[in-house]
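# Survey of secondary and tertiary structure
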Amino acid sequence: MSDKVLVAQQGHVLTLTLNRPDALNAFQPDMLETLRDNIASADENIRVAVIEGAGRAFSAGVDLKVLQGTAPVAGKIGTIFDAPSAELGAAIRAAPFPVIAKVHGFCFTGALEIALYCDMIFTTKATKFGDTHAKFGIRPTWGMTQNLPRAIGIRRARELSFTARTFLGAEAVDMGLANMAVEDKDALDALIAERCRQIVSNSTTAIAAIKDLYRVAEANHDIEDAIAEEAARSYPDIDDTEKRLAGF
């Protein structure tokens, strides 16, 4: 475990806070491992997880100091980050509960890739986003070219990756990359608290089933096959339907 990530549980909400504010929460491998471990091992009381950053930023991306002395090969600068980033992405996708990226300040490249694995991204209007792989002669290995076009479409994704331009939270919402952008960090805190409250109030087992069914949508089946698969899947853990309908 790493003290570079703060772990807190309040009720049914797990909050994981990137805790290198002096370095804009730039990722080091053990930070990704700590995020992975806490999401993968969360107990049944957790109904939603939030990943956020301490200080002025969500995260500036990979800590390039970790890569000093590593000779780049064909656009890859070492592999020290690849395994934990892939395992974190898999843990977020496999978690039976929603994982929210609470993004403020800065969210560049590797940080954007991790945010894109999350089920939702909420941000502020002034937050700065960007995919800077091309700027530094690096090719993506954390899922950028697969998850970004799923979020915003292939043409917009190509533009962002080819230009490496910075864009703000308001544009991120217009593209479909983020769910909502609010005025400032205080408003973001309030929004996340409300979204967590809403999620926790709903059926935990139904949400787990719905998250699994959205993974079917991402598999790019023919629509007829996808709809048939949605109907065919069974979720016997959903046992609160009658109680919830009776309370309506």
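For the structure, check the block above.
Residues numbered from 1 in each chain as written. Predicted model: local features only at pLDDT ≥ 70, side-chain atom pairs only at ≥ 80, totals over all residues. Heavy atoms only, no water.

## As for the overall build of the protein chain
For the record, the criterion: A run of DSSP states H or I qualifies as a helix once it reaches four residues; a run of E qualifies as a strand once it reaches two. Both are numbered from the N-terminal end. Atoms counted for the radius of gyration: C-alpha only. Globule rule: 2.2 Å times residue count to the power 0.38. Relative accessibility decides the category of a residue: with a 1.4 Å probe and only protein chains considered, values under 20% of the type maximum give buried, values over 50% give exposed, and everything between is partly exposed. Whether two residues are in contact is decided by their heavy atoms: any pair within 4.5 Å suffices. All accessibility values rest on the Shrake-Rupley procedure with a 1.4 Å probe; residue burial counts only the protein chains present in the view.
A count of helical and extended segments in the protein chain gives 10 helices and nine strands. Compactness check: the protein chain gives a C-alpha radius of gyration of 18 Å against a globular reference of 18 Å for 248 residues, within 12% of the reference. Looking at the 248 residues of the protein chain, the share that counts as buried comes to 44%. Nonlocal contacts in the protein chain, meaning residues at least 24 apart in sequence, comprise 70% of its contacts between residues at least 6 apart. Only carbon and sulfur atoms are counted for the fraction: they give 53% of the accessible area of the protein chain, which is about 12900 Å².

## Regarding the pattern of salt bridges
Note that side chains of opposite charge can pair when their charged atoms are close. The line we're drawing: A carboxyl oxygen of Asp or Glu within 4 Å of a side-chain nitrogen of Lys or Arg is what we treat as a salt bridge.
According to the stated counting rule, one finds 17 salt bridges in the structure shown. Measuring nitrogen to oxygen at the nearest pair gives 2.7 Å for the salt bridge that ties Asp189 to Lys102. Residue Asp189 is found in helix 7 (residues 185-201), and its partner Lys102 is found in strand 4 (residues 99-103); the two are separated by 87 residues along the sequence. Note on Lys102: relative accessible area 8%, which makes it buried. Arg215 serves as the salt-bridge partner of Asp212, at 3.1 Å between the closest nitrogen and oxygen. Of this pair, Asp212 and Arg215 are both found in helix 8 (residues 204-218), three residues apart, which corresponds to roughly one turn of the helix. One network of salt bridges, with partners in common, ties together Glu52, Lys102, Lys185 and Asp189.

## Comments concerning the nonpolar core
Selection rule: Residue types Ala, Val, Leu, Ile, Met, Phe, Trp, Tyr and Cys, when buried and joined through side-chain atoms within 4.5 Å, form a set referred to as a nonpolar core.
Residues Phe27, Ile39, Val99 and Leu177 are the most contacted members of the largest nonpolar core, which totals 44 residues. The contact partners of Leu177, leaving out residues within four places of it in the chain, are Leu112, Leu116, Ile121, Phe129, Leu148, Ala151, Ile152, Phe167 and Ala172. Counting residues in each nonpolar core, the second largest holds 14 residues, with Val182, Leu191, Val200 and Ile207 among its members.

## Remarks on the layout of surface pockets
Spelled out, the test is: Points on a 1 Å grid over protein atoms alone make up a cavity when a 1.4 Å probe fits among them but cannot get out, and a pocket when they form an open set with protein on both sides within 12 Å along at least five of seven lines; lining residues each have an atom within 4 Å of a point. Grid points are joined across faces, edges and corners, and a volume is the space filled by probe spheres set on the points. Nonpolar residues are Ala, Val, Leu, Ile, Met, Phe, Trp, Tyr, Cys and Pro. Charged residues are Asp, Glu, Lys and Arg, and all others, Gly as well, are polar.
When its volume is computed, the largest pocket comes out at roughly 730 Å³. Together, 26 residues line the largest pocket, and Cys118, Asp119, Met120, Tyr214 and Glu218 are the ones closest to its centre. Broken down by secondary-structure element, the contributors of at least two residues to the lining of the largest pocket are helix 2 (82-94), helix 3 (110-117), strand 6 (120-124), helix 4 (144-152) and helix 8. Looking at the lining of the largest pocket residue by residue, the class counts come to 16 nonpolar, four polar and six charged. Here the residues of the lining of the second largest pocket sort into 12 nonpolar, nine polar and five charged.

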